[in-house]
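# Secondary and tertiary structure notes
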Amino acid sequence: MPPPVYYTNCNSAAAPDGIPVPLFLPNFDLQHLNTLGVPVKAQFYVSVTSEEELLEALRYARNEKLPLFILGGGSNIVLCDDLPGLVVHIRLQGKTLVAEDNEFVWLRVAAGENWHELVEYCLDFHYWGLENLSLIPGSVGAAPIQNIGAYGVELKDVFEELTAIDIRSGLPVTFTRDSCEFGYRDSIFKGRLRDQYLITAVTFKLHKQPHLVLSYPALREALAAHADDAITPRQVSQVICEIRRNKLPDPAQIPNVGSFFKNPVIPATQYESLRANHPQLVAYPVDDQQVKLAAAWLIDNAGWRGQVCGPVAVHGQQALVLTNPGHAKGHEVVALAEKIQLSVFEKYGVALEPEPRFYP
Ligand code: EPU
């Protein structure tokens, strides 16, 4: 069993009574804290590395009547303008094995941990289940908000519970899998409870024996030369990292937020009539009534892949990804997204819904 890992607080000045006081920084540049590289400023910024600092930050915002913005890895947000109020950057760290039985381990991970470093950690300790979610940018605390998913696995498949703080009361709350209301790139934290809770830790239920999910076509294809029983979770992770590196731009090199739109789910009847005109249309059945379309295919076949529109662009290897190499303002990225939505709607009659969240 790995020892729990805790990191020391490195951003605090000690108050006379020994309680750490976080530093509140005015007019703080967020360009390097959002993977779209949008140059915006926070009225105030604070980085919190412990729950005490977090509660202190909430108290400060309440006393000063500042609106709050909770920042994780900044990989799924479009900052359209400067942020009024207090940006709280969640940097809580720590992994604790909270329970185990013959089949599973339950691993509690602090919200500020980096997602891919967690995947690597689990591979090292032979806790299986996260391998298909390799190389997804962002933090652990942000992962449940949009129920991150890739290559046949979603966060909800390995999720046990999360702890959060009710922003208004400052009290801790536990959310089970059911109460998170997970859906495709969706949860209660994007809908009904948007911006009301601050996630502090997530507990994962992981397998002790390999439990491979190899159904996704691109993954199957890449592993075709291997017999299923000879494939290891680490190999799956490596293959997925390769596929992602080939198709998706590294946000550290080319600013982006991954898929900019969700894959739209449409009625099966609408799909049938669309397919009559576009036989190559890529789609996946959801159930008897509904079909999920590949938004990338729609955008690509509307002529957008590789298009450069001033400082923003549609990625050449994956039309679902908008890039911001020129560090344009958020509204310029949104303007390109709107042109794409309009053109896809005019050509296919399908509405594309953005996947990242727009602020303020
Ligand atoms: N395609 C095109 N043109 C393109 C790219 C893709 O026609 O430019 C076609 C491909 O041929 C393929 C289909 O579209 O048949 C689907 O493409 P892909 O396998 O790349 O997956 P996706 O549906 O575009 C989703 C997720 C990704 C995730 C991959 C793998 C969403 C919104 N996106 O993309 O998630 O990595 O599947 O599971 O569900 C993210 O959420 O940020 C993200 C990258």
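Structure: above.
The sections below set out a description of the structure shown in this document. (Residues numbered from 1 in each chain as written. Predicted model: local features only at pLDDT ≥ 70, side-chain atom pairs only at ≥ 80, totals over all residues. Heavy atoms only, no water.)

## Section: unusual backbone geometry
Here is the rule we go by: Numbering of helices and strands runs from the N terminus; a helix is a DSSP stretch of H or I covering at least four residues, while a strand is a stretch of E covering at least two. Throughout this description, buried means an accessible area under 20% of the type-specific maximum (1.4 Å probe, protein chains only), exposed means over 50%, and partly exposed covers the range between.
Between tyrosine 359 and proline 360 the backbone carries a cis peptide bond, its omega angle lying at -10°. With respect to the secondary-structure elements, proline 360 resides in the segment after β22 (357–359). For tyrosine 151, which is not a glycine, the phi torsion comes out positive at approximately 50°. Tracing the backbone shows tyrosine 151 in the loop between β10 (149–150) and β11 (153–154). The residue glutamate 181 is not glycine, and still its phi comes out positive at about 50°. By secondary structure assignment, the location of glutamate 181 is in the loop between α3 (177–180) and β14 (197–207). Using a relative accessible area of 43% as the deciding quantity, one classes glutamate 181 as partly exposed.

## Things to note about helix α8 (residues 330–348)
Residues spaced three or four apart along an α-helix point in a common direction, a consequence of the helix completing one turn every 3.6 residues. Worth spelling out the cut-off: What a helix should span is 1.5 Å times the count of its residues minus one.
End to end, α8 covers 27 Å across 19 residues, agreeing with the expected 27 Å (1.5 Å per residue, within 8%). All of the buried residues along α8 are Gly330, Val333, Val334, Leu336, Ala337, Ile340, Ser343, Val344 and Tyr348.

## Comments concerning the packing of aromatic side chains
For the record, the criterion: Pairs were defined over the aromatic rings of Phe, Tyr and Trp, the Trp ring being its six-membered one, requiring ring centres within 6.5 Å. Orientation was assigned from the angle between planes: stacked under 30 degrees, edge-to-face over 60, tilted for the rest. We call a charge positioned over a ring when the NZ of a Lys or the CZ of an Arg lies within 6 Å of the ring centre and within 35 degrees of the ring normal.
Tallying each qualifying case throughout the model produces 15 aromatic pairs. A centroid spacing of 6.1 Å and a plane angle of 25° characterise the contact between phenylalanine 125 and tyrosine 127, whose relative ring orientation is stacked. An aromatic cluster is built from Phe24, Phe44 and Tyr60, whose rings are joined through pairwise contacts. Sitting over the ring of tyrosine 121, lysine 95 keeps its end group 4.5 Å from the ring centre. For lysine 292, the ring lying beneath its charged end belongs to tyrosine 184, and the centroid distance is 3.6 Å.

## Notes on the side chain of glutamate 154
Put simply, the rule reads: Whenever two N or O atoms come within 3.5 Å, that pair is a polar contact, provided that in protein one can donate a hydrogen and the other can accept it, and provided that, for residues adjacent in sequence, both atoms are side-chain atoms. Two residues form a contact once any of their heavy atoms are found within 4.5 Å.
Looking at where glutamate 154 falls in the secondary structure, it is placed in strand β11. Within the structure, glutamate 154 has its side chain in polar contact with the side chain of asparagine 147 (distance 3.1 Å). With residues up to four places along the chain from it excluded, the contact list for glutamate 154 reads Leu133, Asn147, Ile148, Gly149 and Tyr184.

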